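Listed here are the chains, written in short residue letters.
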Protein chains: 2
Amino acid sequence: MQRYKSIISYDGSGFSGYQVQPNKRTVQSDLEAVLAKMHKGEHIKVSASGRTDAGVHAKGQVIHFDSPLPISEQKWELALNSLLPEDISVLSVIKVDSLFHARFDAIGKEYRYVLQLSKKRDPFQRNFSFLYPNDLNIEAMKEASRFFIGTHDFTSFCSAKTEVKDKIRTIETIDFLLEDNFLTLRFVGNGFLYNMVRILTGTLLEVGSGKQRPEEMADILVKKDRRFAGKTAPAQGLYLWKVFYQ
Amino acid sequence: MQRYKSIISYDGSGFSGYQVQPNKRTVQSDLEAVLAKMHKGEHIKVSASGRTDAGVHAKGQVIHFDSPLPISEQKWELALNSLLPEDISVLSVIKVDSLFHARFDAIGKEYRYVLQLSKKRDPFQRNFSFLYPNDLNIEAMKEASRFFIGTHDFTSFCSAKTEVKDKIRTIETIDFLLEDNFLTLRFVGNGFLYNMVRILTGTLLEVGSGKQRPEEMADILVKKDRRFAGKTAPAQGLYLWKVFYQ
């Protein structure tokens, strides 16, 4: 038995998220269907660094799985890509120690949230960014974002549905890249709670549109109550960009 | 009755082309369905500058239609966008003389063909460019493209299915834009035959990959036989970029 670590990318538009759900098309079920095909119908479990929701994309999701097949790393990449649907792509496959775990060994993640700043809707972007037609004060958003840097209890910035108890996370970087009319928010941290990047983005948009002042971010963190933060920004702007390991 | 000229953009991935076909989703049928809704069920015919095939995109398709409704240009744009599906977008609507015709008055068109030069497939590009994994001699392609500039009989470069008799067209420009790993071929001319841009692109790819020499383009033009040109490049790389009027 050999454990493999693989970096994959997927267009989330056609999936009901990463994780297996009955009667839904998910990334995990497509991956496991292909592995079953390669292993004479045997179920091979795929573990990811974390779930992504319906419509959320991945540029660098990391998974691991075990297989007894005597296949080289390069052949794995070719075989998986030839069997997988076109909206999932395997970027690399490497052999790893059997103790490696895509989720438990991850020490950090980078997410990006892409906003298209335009009054006209763009049919080519409808699944790949969030169209924001109003003016934004990006300086105010940058100022607000500084309140999130460091180690905080992010209870106010995660879905009330979350079952995770420990809501303390460390955000290392939030930066803003403006290119043409696309504003990309880049979040790097040691981990993110359920919906956390989308709620942070939604809250920063309230600051950018003048509905909240940057200083209010400190109060929202202290409140530890989801109702004080902004709306959850829509799924199609979010990309799991990279997962970091030691 | 007022005639309107409108510039529209669409992601061709979800359509069986522009033109109405029974039991198929087409751009024209979606446009006419929305106009019928706005005119109490009355059929309002939409005329375009030309058809686009299944999977082909438009950044600047031009249409015209007639309506008795007393609506301002700006309101037309808002109304159509609010009723149309997200993969069609109306970029502008203006009032025009009742003699204006989107097809007959067009004096030229710009098409672009987008190639992604990469060995790795990209799930975000599968519907929006043609993945070309092999090396390309772009200088040879440029040299070959010069044989097409000017006025020629393009019989060899159009689908044998074409019913059009006159196959003489004038190409003003073919240029090559290389940005990151995307190579875009830009074609400007007074008109293009059925599949002409895709066949020119497929033939230029044969030159780029060393299967044909640039000078052979002159012979292919003279042969006036589709079988001597290259393969038709796939639909998803093609964009109707702009339509020119006097």
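Residues numbered from 1 in each chain as written. Chains lettered and ligands numbered in written order. Predicted model: local features only at pLDDT ≥ 70, side-chain atom pairs only at ≥ 80, totals over all residues. Heavy atoms only, no water.

Identification of chain A as tRNA pseudouridine synthase A from Neobacillus bataviensis is taken from an unreviewed UniProt entry. The UniProt entry for chain A carries the following comment under Catalytic activity (unreviewed entry): "uridine(38/39/40) in tRNA = pseudouridine(38/39/40) in tRNA". (UniProt positions renumbered as here; feature names shortened; annotations may be inferred.)

## Regarding the overall build of chain A
Along chain A, the regular secondary structure elements total 5 helices and 10 strands. Against the 2.2 N^0.38 benchmark of 18 Å for 246 residues, chain A shows a C-alpha radius of gyration of 19 Å, consistent with a compact globule. Its C-alpha atoms put chain A at 60 × 40 × 30 Å along the principal axes. When the 246 residues of chain A are sorted by exposure, 53% land in the buried category. Within chain A, contacts between residues separated by at least 24 positions form 70% of all contacts whose residues are at least 6 apart in sequence. Here chain A carries 34 positive and 29 negative side-chain charges, and the mean point of each set is 4 Å from the other. (Helix = DSSP H or I, 4+ residues; strand = E, 2+ residues; numbered from the N terminus. Rg over C-alpha atoms; globule rule 2.2 N^0.38 Å. Buried < 20%, exposed > 50% of the residue type's maximum accessible area, 1.4 Å probe, protein only. Contact = heavy atoms within 4.5 Å. Lys, Arg positive; Asp, Glu negative; His and termini not counted. Charge placed at Lys NZ, Arg CZ, Asp CG, Glu CD.)

## Here's the deal with helix H5 (residues 216-223) of chain A
Residues and elements named next belong to chain A. Turning to H5, its buried residues are Met217, Ile220 and Leu221. In a view along the axis of H5, the buried residues occupy a sector of 100°, so they form one face of it. Where H5 is buried, its residues contact helix H3 (138-145), strand E7 (150-153) and helix H4 (196-208). Positive backbone phi, at 50°, marks Lys224, one or two positions downstream of H5. (Arc of directions from axis to C-beta.)

## What about the domain arrangement of chain A?
Interfaces are frequently sized by the accessible area removed from exposure as the parts join. Residue and element names in this part refer to chain A. Looking at chain A, the domain boundaries give domain 1 (2-96) and domain 2 (108-245). The straight-line distance from the C-alpha centre of domain 1 to that of domain 2 is 28 Å. With 16 residues of domain 1 in contact, the opposing surface of domain 2 contributes 15 residues. Roughly 1,200 Å² of surface becomes buried between domain 1 and domain 2 when both sides are summed, with 57% attributable to carbon and sulfur atoms. Area buried by domain 1 at its contact with domain 2 is led by Asp53, His57 and Lys59, which between them contribute 41% of it. Across the contact surface, domain 1 and domain 2 share 1 salt bridge. Note that Asp53 is salt-bridged to Arg198, the shortest N-O span being 3.6 Å. The interface formed by domain 1 and domain 2 contains 9 residue pairs in polar contact (both at pLDDT 80 or more). The element that contributes the greatest number of residues to the side of domain 1 that touches domain 2 is strand E3 (residues 57-67), accounting for 6 residues. Counted by class, the side of domain 1 that touches domain 2 contains 4 nonpolar, 8 polar and 4 charged residues. (Domains from an automatic or database assignment. Buried area = accessible area lost by both parts, 1.4 Å probe. Salt bridge = Lys/Arg side-chain N within 4 Å of Asp/Glu carboxyl O. Polar contact = N/O pair within 3.5 Å; in protein donor to acceptor, adjacent residues only side chain to side chain. Nonpolar A, V, L, I, M, F, W, Y, C, P; charged D, E, K, R; others polar.)

## What to know about the relation of the copies chain A and chain B
It takes a turn of 180° to lay chain A on chain B, together with a shift of 0.0 Å along the axis; the resulting RMSD is 0.0 Å. Here the transformation between the copies is reduced to the relation of a two-fold axis. Residue Phe124 of chain A of chain A places its C-alpha closer to the rotation axis than any other residue of that unit, at 5.5 Å. Most of the interface of chain A is mirrored in chain B, where 100% of its interface residues again form contacts. (Least-squares fit on C-alpha atoms with pLDDT ≥ 70 in both.)

## Things to note about the interface of chain A and chain B
Counting residues at the interface gives 22 residues for chain A, matched by 22 residues for chain B. Together chain A and chain B conceal approximately 1,900 Å² of surface at their shared face, both sides included; 53% is due to carbon and sulfur atoms. In terms of surface lost to chain B, no three residues of chain A exceed Arg121, Phe124 and Arg126 of chain A, which account for 41% of the buried area on that side. At the boundary of chain A with chain B, the tally comes to 4 salt bridges. At the junction of chain A with chain B, the criterion picks out 16 residue pairs in polar contact (both at pLDDT 80 or more). Every element with two or more residues in the side of chain A that touches chain B is listed here: strand E1 (2-10), E3, helix H2 (73-83) and strand E4 (88-96) of chain A. Among the residues making up the side of chain A that touches chain B, the classes are represented as 10 nonpolar, 4 polar and 8 charged.

## Overview of a negative patch on the surface
Residues Glu179 and Asp180 of chain A together with Glu179 and Asp180 of chain B make up a contiguous surface patch of negative charge. The topology assignment puts Asp180 of chain A in the loop between strand E8 (168-179) and strand E9 (182-189). (Patch = residues over 30% accessible without salt bridge, like charges linked within 9 Å, V, L, I, M, F, W, Y side chains within 5 Å. Areas by Shrake-Rupley, 256 points an atom, 1.4 Å probe, with all protein chains shown as cover.)

## A short note on the environment of Ile220 of chain A
All names here are of chain A. Among the structural elements, Ile220 can be located in helix H5. Classification of Ile220 as buried rests on a relative accessible area of 4%. Linking Ile220 and Phe154, residues 66 residues apart in sequence, is a C-alpha distance of 9.3 Å. What Ile220 contacts, discounting residues up to four positions off in sequence, is Ser156, Phe157, Thr203, Gln212, Phe228 and Ala229.

## Regarding the packing of aromatic side chains
Residue and element names in this part refer to chain A. Enumeration according to the criterion identifies 25 aromatic pairs over all chains in this entry. Ring centres 5.4 Å apart and planes at 85° place the aromatic pair Tyr111 and Phe192 in the edge-to-face group. Taken as a pair, Tyr111 in strand E5 (residues 106-117) and Phe192 in the loop between E9 and H4 lie far apart in primary sequence, 81 residues in all. Looking at Phe192, the relative accessible area reads 16%, which means it is buried. (Phe/Tyr/Trp six-rings, centres within 6.5 Å; stacked < 30°, edge-to-face > 60°.)

## Some thoughts on helix H1 (residues 27-38) of chain B
Residue and element names in this part refer to chain B. Here H1 is 12 residues long and its end C-alpha atoms lie 17 Å apart, about the 16 Å a rise of 1.5 Å per residue gives. In terms of burial, H1 is a largely internal element, 9 of the 12 residues being buried. Along H1, the residues classified as buried are Val27, Gln28, Asp30, Leu31, Glu32, Val34, Leu35, Ala36 and Met38. Backbone geometry just after H1 places Lys40 at a positive phi near 50°. (Expected span 1.5 Å × (residues − 1).)

## Some words on the UniProt feature "domain: Pseudouridine synthase I TruA alpha/beta" (unreviewed entry) in chain A
Residues and elements named next belong to chain A. On the UniProt side, "domain: Pseudouridine synthase I TruA alpha/beta" (unreviewed entry) is annotated at positions that read residues 8-105 and 145-245 here. The span residues 8-105 shows a helical share of 23% and a strand share of 26%, and its end C-alpha atoms are spaced 17 Å apart. Taken end to end, residues 145-245 is 22% helix and 32% strand, and its first and last C-alpha atoms sit 25 Å apart.

## With respect to the UniProt feature "binding site: substrate" (unreviewed entry) in chain A
Residues and elements named next belong to chain A. Those residues carrying the UniProt feature "binding site: substrate" (unreviewed entry) are Tyr111 in this numbering. Its relative accessible area of 9% is what places Tyr111 among the buried residues. Those residues in contact with Tyr111 that sit more than four places away from it in its chain are Leu185, Arg186, Phe187, Phe192, Val197, Leu238, Tyr239, Leu240 and Trp241.

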